[in-house]
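Coordinate inspection notes
These are the residues of each chain, in order.
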Amino acid sequence: MANAASSSDSRFSNRPQAPSRRQAITGMALTVAAATARGLPAIHAQTPKPAGRRRTGLLVQPKSIDVLNTRCKIVLEVEGELKIEEPDPKEAGKVRTAEVRGKSTLDYFEKIAFDDADHLAAAARRYVEAKGENWISGSASSNQLRNECQETYLTLHDNRWQQYCPDQPLDAREIELLHSPINSAALELLLPAEPAKPNDHWTIDPESAKTLLNLDAVHQSTLRAKVAKVVKGTATIEVEGEIDASPSSVPTQLEIRGN
């Protein structure tokens, strides 16, 4: 479970922050577990109690804030079988299978910066944990982020959001470890542009889906969301639809169904 938390990191400009609708997601939380290529991890947006007039039951994409501080924890677990062709020419065409399991845990504080048009500009992350574990036919291996690379930046480069460590280069395994199927800095794109209440539906536009799901391009999308329920200020959002996209420049059809 990810909980919102404040951070003393001042790497982004901290202009005076006037009360605004973007405060609606200062308590944003992200929970990701047991994700598969055909499913979307559970995502919850939590709103703090407003200081003045209450807006009971409303959920809306907020505006006009410079910096947002959150904490996210993403746990991705996969399992399946790997088909391996026998290298011996005498056994050409023979295939054996190997059981494969993997688990990735990313836990970090994030400071998200926005431009004057309310678009995501950049983000800084301070990792509490970043670790990957793999099991293939009983053989285990693991990989984790070095302590000296626990602070990273997320910036847009060549139309892709990329992470880097300002102190020293990330190695290839660390880059792969930190790559997530969800861009937590863009989670607010799941929220509707107009105030919504339980059972209200809205469409997630292709450009938002591209940024949110870390895709190179989205060619067609039927992705829709709705407020499934609101319990004690925490709204559960259901997301469903199909996306024709290009992750890592490979044409792919994704079926998204989850909450």
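Residues numbered from 1 in each chain as written. Predicted model: local features only at pLDDT ≥ 70, side-chain atom pairs only at ≥ 80, totals over all residues. Heavy atoms only, no water.

Overview of the overall build of the chain
Secondary structure assignment for the chain yields two helices and 13 strands. Burial statistics for the chain: of 259 residues in total, 39% are counted as buried. Nonlocal contacts in the chain, meaning residues at least 24 apart in sequence, comprise 62% of its contacts between residues at least 6 apart. Taken as a whole, the chain presents about 14700 Å² of accessible surface, with 48% of it coming from carbon and sulfur. (Helix = DSSP H or I, 4+ residues; strand = E, 2+ residues; numbered from the N terminus. Buried < 20%, exposed > 50% of the residue type's maximum accessible area, 1.4 Å probe, protein only. Contact = heavy atoms within 4.5 Å. Areas by Shrake-Rupley, 256 points an atom, 1.4 Å probe, with all protein chains shown as cover.)

What about the pairing of strand E5 (residues 120-136)?
In this sheet, E5 lies alongside strand E4 (residues 95-114) in antiparallel orientation, the contact comprising 15 bridges. Opposite Asp107, over in E5, you have Glu129 as the bridge partner. Hairpin connection between E4 and E5: a loop of five residues separates the two successive antiparallel strands, and Asp118 in this loop has a positive phi of roughly 70 degrees. Sheet topology places E5 next to strand E6 (residues 139-144); six bridges connect them, and they run antiparallel. Paired with Ile136 across the two strands is Ser139, which belongs to E6. (Pairing = 2+ DSSP bridges.)

Some remarks on the packing of aromatic side chains
Per the stated rule, a full pass over the model turns up two aromatic pairs. Measuring from ring centre to ring centre gives 5.1 Å for Tyr108 and Tyr127, while their planes differ by 55 degrees; the resulting arrangement is tilted. Of the two residues, Tyr108 is situated in strand E4 and Tyr127 in strand E5; the sequence distance between them amounts to 19 residues. Owing to a relative accessible area of 4%, Tyr127 belongs among the buried residues under this scheme. Taken together, a centroid distance of 5.6 Å and an interplanar angle of 65 degrees make the contact between Tyr153 and Tyr164 edge-to-face. (Phe/Tyr/Trp six-rings, centres within 6.5 Å; stacked < 30°, edge-to-face > 60°.)

Comments concerning the pairing of strand E12 (residues 234-245)
Inspection of the sheet shows strand E10 (residues 218-221) paired to E12 by three bridges, in the antiparallel sense. Residue pairing in the sheet places Val218 in a bridge with Ala245 of E12. Strand direction decides the pairing type here: strand E11 (residues 224-231) and E12, joined by seven bridges, are antiparallel. Following the sheet pairing, Val227 is matched in E12 by Ile237.

What about a negative patch on the surface?
On the surface, a cluster of negative charge is contributed by Glu77, Glu79, Glu81 and Glu99. Top element by residues in the negative patch is strand E3 (residues 67-85). It accounts for three residues. As for its position among the elements, Glu99 is in strand E4. (Patch = residues over 30% accessible without salt bridge, like charges linked within 9 Å, V, L, I, M, F, W, Y side chains within 5 Å. Salt bridge = Lys/Arg side-chain N within 4 Å of Asp/Glu carboxyl O. Lys, Arg positive; Asp, Glu negative; His and termini not counted. Charge placed at Lys NZ, Arg CZ, Asp CG, Glu CD.)

Some points on the environment of Ile204
Along the chain, Ile204 turns up in the loop between strand E9 (201-203) and helix H2 (206-212). Sequence separation between Ile204 and Val239 is 35 residues; the distance between their C-alpha atoms is 9.1 Å. With sequence-adjacent residues up to four places away left out, Ile204 is seen in contact with Leu189, Leu190, Ala209, Ser221, Leu223, Ala225 and Val239.

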